[in-house]
Protein chains: 2
Amino acid sequence: MNDQTTPHLEGLVCPIPLRHDEKIVMGHGSGGRMSHELIGRLFQEPFDNPALRAANDAGLVSVDGARLAISTDSHVVWPLFFPGGDIGRLAVCGTVNDLAMMGATPLYLTAGFILEEGLDVSLLAQVVLSMQAAAAEAGVSIVAGDTKVVQRGKADGLYINTAGVGVLRHNGTIAGDQARPGDAVILSGPMGDHGIAVLSARGELGFEADVVSDVAPLNHLVAAMMAAGELHVLRDPTRGGVATTLNEIARQSAVAVVLDERAIPVRPAVASACEMLGFDPLYVANEGKLLAIVAAEAAPAVLAAMRATRYGEEAVIIGRVQAAPQGRVLMRTSIGSTRVVDMLAGEMLPRIC
Amino acid sequence: MNDQTTPHLEGLVCPIPLRHDEKIVMGHGSGGRMSHELIGRLFQEPFDNPALRAANDAGLVSVDGARLAISTDSHVVWPLFFPGGDIGRLAVCGTVNDLAMMGATPLYLTAGFILEEGLDVSLLAQVVLSMQAAAAEAGVSIVAGDTKVVQRGKADGLYINTAGVGVLRHNGTIAGDQARPGDAVILSGPMGDHGIAVLSARGELGFEADVVSDVAPLNHLVAAMMAAGELHVLRDPTRGGVATTLNEIARQSAVAVVLDERAIPVRPAVASACEMLGFDPLYVANEGKLLAIVAAEAAPAVLAAMRATRYGEEAVIIGRVQAAPQGRVLMRTSIGSTRVVDMLAGEMLPRIC
């Protein structure tokens, strides 16, 4: 960049300790430890405010007495279409789910498209229809949009950003720092379907896995859960998978999460694809699953409500919260030993969402 | 795409008349007629709702009694830094201004980053600091964010989406369909600075123009204007320039806009760069200017309030609204003739914002 171009930045002091010649690598987009470090170093201090500092799936604010949740996600999944979904359905569900994980009712979305020159208009039309269908299923409206075009070779077909606004109408606090010792950890269904479905669509498995992405709007499931009992934490285990999401919660709540390996559901096709590829399904992305942490006494009613709902039929308790070791996720294995389950370290599956 | 990947779309009927093998071209991102046609054909019917149908700079909705404006813009400007600004300042100001153009007070932004593998982390840090400075100037908080990384060659350094939420606290209606015959048309300052500054930074002028982008948050200017008198229409003439924006307003309000060529301010350096390149400055993008349409009797007070404000010092009346010819923009030239000023037809300056 030209020195002449930056006088508008004069007087700004960089609070960020930068390593010389440091470059962005794919692992910075993994959703795991590298993503957390980058966000912590670059964004946290300059953008600091209470809503962002809470580090939940959406920021909470009040406007003229209305309590709002606000969230955003950019979507760069490749390929654009995969078994069970496409970038359009993903873009709507991703933001709907971020709002739902705060216990908010998702209401309004925005959609920003970055299109690559040469993209088939009919493909874009199909993505738009898929967004329409997903928005109708979730019961949200797309109230603002934007379209940009970049030259051939400056994008990969299309990228979609969605941002969303939801309203909080309950009185409890559902947030990453609300897990308490004794709580039950619920997973809404088998894990890893989305990641393996996308990988299969890329032809990277060497065979066609019989796996369909779970991408779905979870707001109706959350509404049923909230009616059944008090929820402490809700979070959808997307990039970085169940393991990374539970590590985030364990740190935010300063508790330990102890998982029961035998209880964690994985479809056989996902398990065998993971085994072949050397992946641990605990780190594979989901797009239609949620983790819920609830008081032990509320768990049976919440679980029953989930199982009566389309996207919660296979919900199970996969573990418990305990006081120590703080910030850790542990796994009781099927042979009775205990191991530490860490956050995703680097890159696993690029451009999974 | 594989036929196996689309059963989730079964039963959706495409309402969009598609031409065989039609491709996205750069002109679809111009903000002019091609952009309008694409949006009209692809997005309007599937996403239809009252907020979107109004076709203003932001969608208006009510949530638990709070009246909100919601907007989004993706930013793909190239180069990332240019005289007077950078992609970060642009991303904050673009969305702040879209909210302000509804008479809303901008409150909260989201920021979604798409990063290209290999990007310098120090460059990203500089962009983040620039966003922080622009957000502080506008008085908004960034309450949610997202970071994705794509492989080298799948983006162009970085793209930034911002979405924003503002609150409407006035009782009038400021919208594209509110222009009335007799109204005055005000422009907040000289036009074309942003487009020419970016072009100059690209080295496409063959010389260095002494032009600095006008990119700025206009919400404080708008607040001063609203306190001074009733406003009918506000809109910022970004992609497609003053000519395209006035054509949109003329159509939405079913009126004519008659401009006085001698009254329209253009800096000499912008005028000569445009002359050399064969551009009409009426079509060149601005990022810190607004067009206001106000009742003739309110114009003097509004203009005085603008001139007392940092980004409105050079505000002038550039024309009048009249009843006919409906949907047209006309220009009284300096030699006394009248010509039609149309919307931008195709592509002019790609990736200007």
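How each quantity is defined
Residues numbered from 1 in each chain as written. Chains lettered and ligands numbered in written order. Predicted model: local features only at pLDDT ≥ 70, side-chain atom pairs only at ≥ 80, totals over all residues. Heavy atoms only, no water. Pairing = 2+ DSSP bridges. Helix = DSSP H or I, 4+ residues; strand = E, 2+ residues; numbered from the N terminus. Axes fitted to C-alpha atoms, helices over the stretch in contact; angles between N-to-C directions. Least-squares fit on C-alpha atoms with pLDDT ≥ 70 in both. Contact = heavy atoms within 4.5 Å. pLDDT = per-residue confidence, 0-100. Buried area = accessible area lost by both parts, 1.4 Å probe. Salt bridge = Lys/Arg side-chain N within 4 Å of Asp/Glu carboxyl O. Polar contact = N/O pair within 3.5 Å; in protein donor to acceptor, adjacent residues only side chain to side chain. Expected span 1.5 Å × (residues − 1). Buried < 20%, exposed > 50% of the residue type's maximum accessible area, 1.4 Å probe, protein only. Parallel < 35°, antiparallel > 145°, perpendicular 65-115°, else oblique. Left-handed = near helix turned anticlockwise from the far one by under 90°. Nonpolar A, V, L, I, M, F, W, Y, C, P; charged D, E, K, R; others polar.

### Regarding the sheet that holds strand 10 (residues 256–260) of chain B
All names here are of chain B. Read across the sheet, seven strands follow the order 9-11-8-12-10-13-14 without closing on themselves; strand pairing throughout is mixed. With partners counted over all chains shown, the strands left at the sheet margins are strand 9 (231–235) and strand 14 (338–340), one partner each. The sheet shows a mean angle of 25° between the axes of neighbouring strands, taken without regard to direction. In this structure, strand 8 (residues 184–187) lies alongside strand 11 (residues 291–294), joined through four bridges in antiparallel fashion. Looking at strand 11, one finds that Ile186 is bridged to Ala292.

### Re the relation of the copies chain B and chain A
Once chain B is rotated about the relating axis by 180° and shifted along it by 0.0 Å, it coincides with chain A to within an RMSD of 0.0 Å. What we have between these two chains is a two-fold relation. Measuring from the rotation axis to each C-alpha of chain B, the shortest distance belongs to B:Ala155, at 2.4 Å. In this assembly the copies share their binding face: 100% of the residues contributing to the interface of chain B also contribute to that of chain A.

### Quick word on the confidence of the model for chain A
Across chain A, pLDDT averages 94, with 96% of residues at or above 70. Scored as a complex, the prediction yields pTM 0.95 and ipTM 0.95.

### Description of the interface of chain B and chain A
Taken together, the contacts link 99 residues of chain B with 99 residues of chain A. In this assembly, chain B packs against chain A so that about 8,500 Å² is buried in total across both faces, 69% of it on carbon and sulfur atoms. Scanning the region where chain B abuts chain A turns up ten salt bridges. Between A:Arg169 and B:Asp64 there is a salt bridge; the shortest N-O distance is 2.7 Å. In this assembly, chain B and chain A are joined by 27 residue pairs in polar contact (both at pLDDT 80 or more). Tallying contributions element by element places helix 4 (residues 121–138) of chain B first for the side of chain B that touches chain A, with twelve residues.

### Here's the deal with helix 3 (residues 87–100) of chain A
In an α-helix there are 3.6 residues to a turn, and that puts residues three or four apart on one side. Between its first and last C-alpha, helix 3 of chain A extends 20 Å over 14 residues, near the 20 Å set by a 1.5 Å rise per residue. Among the 14 residues in helix 3 of chain A, 14 count as buried, and that is most of the element.

### Some thoughts on the pairing of strand 12 (residues 316–322) of chain A
On any regular strand, side chains alternate: one points to one face of the sheet, the next to the other face. All names here are of chain A. Looking at chain direction, strand 8 (residues 184–187) and strand 12 are connected through four bridges and run antiparallel. Opposite Val185, over in strand 12, you have Gly319 as the bridge partner. Inspection of the sheet shows strand 10 (residues 256–260) paired to strand 12 by four bridges, in the antiparallel sense. When the bridges of strand 12 are listed, Leu259 appears paired with Gly319.

### Considering the packing of helix 3 (residues 87–100) of chain B against helix 4 of chain B
Residues and elements named next belong to chain B. Between helix 3 and helix 4, the least distance of the axes is 7 Å, while the angle of their chain directions is 30°. Classed by the angle they form, the pair helix 3 and helix 4 counts as roughly parallel. Read as a crossing pair, helix 3 and helix 4 show a hand that is right-handed. Touching Ile87, Gly88, Arg89, Val92, Cys93 and Val96 of helix 3 are Val127, Ser130, Met131, Ala134, Ala135, Glu137 and Ala138, all from helix 4. Of the residues belonging to the contact of helix 3 with helix 4, the class tally is nine nonpolar, two polar and two charged.

### Quick look at the pattern of salt bridges
Under the criterion given, the structure shown has 38 salt bridges over all chains. Close ionic contact of B:Asp193 with B:Arg267 constitutes a salt bridge, the shortest N to O distance being 2.7 Å. You can see B:Asp193 sitting in helix 5 (residues 193–201) and its partner B:Arg267 sitting in the loop between strand 10 and helix 8 (268–277), a full 74 residues away along the chain. Assessed through its relative accessible area of 2%, B:Asp193 is described here as buried. Because the salt bridges share partners, they merge into one network encompassing A:Asp73, A:Arg239, B:Asp146 and B:Lys148.

### Some words on the sheet that holds strand 14 (residues 338–340) of chain A
Residues and elements named next belong to chain A. Taken in spatial order, the seven strands line up as 9-11-8-12-10-13-14 in an open sheet, and their pairing is mixed. Edge strands, defined here as strands with exactly one partner in the open sheet, are strand 9 (231–235) and strand 14. Each adjacent strand pair in this sheet contributes to an overall mean axis angle of 25°, direction not counted. As paired strands, strand 10 and strand 13 (residues 329–332) are joined by four bridges and run parallel to one another.

### A closer look at the environment of B:Gly112
Tracing the chain through its elements places B:Gly112 in strand 5 (residues 105–116). Here B:Gly112 falls in the buried class, since its relative accessible area comes to 1%. Considering only alpha carbons, one finds B:Gly112 and B:Gly145, 33 residues apart in sequence, at a separation of 5.4 Å. When neighbours within four sequence positions are excluded, B:Gly112 is seen to be in contact with A:Thr72, A:Ser74, A:Asn161, B:Asp146, B:Tyr159, B:Ile160 and B:Asn161.

### Details of unusual backbone geometry
Along the chain, B:Trp78 connects to B:Pro79 via a cis peptide bond; the corresponding omega equals 0°. For the bond from B:Ala324 to B:Pro325, the omega torsion is 0°, close enough to zero to count as cis. Even without being a glycine, A:Asp64 presents a positive backbone phi close to 45°. Tracing the backbone shows A:Asp64 in the loop between strand 1 (59–63) and strand 2 (66–75). Phi at B:Arg351 takes a positive value of approximately 55°, unusual for a residue other than glycine.

### Observations regarding the side chain of B:His75
Position of B:His75 relative to the elements: it lies in strand 2 (residues 66–75). The exposure class of B:His75 is buried, given its relative accessible area of 2%.

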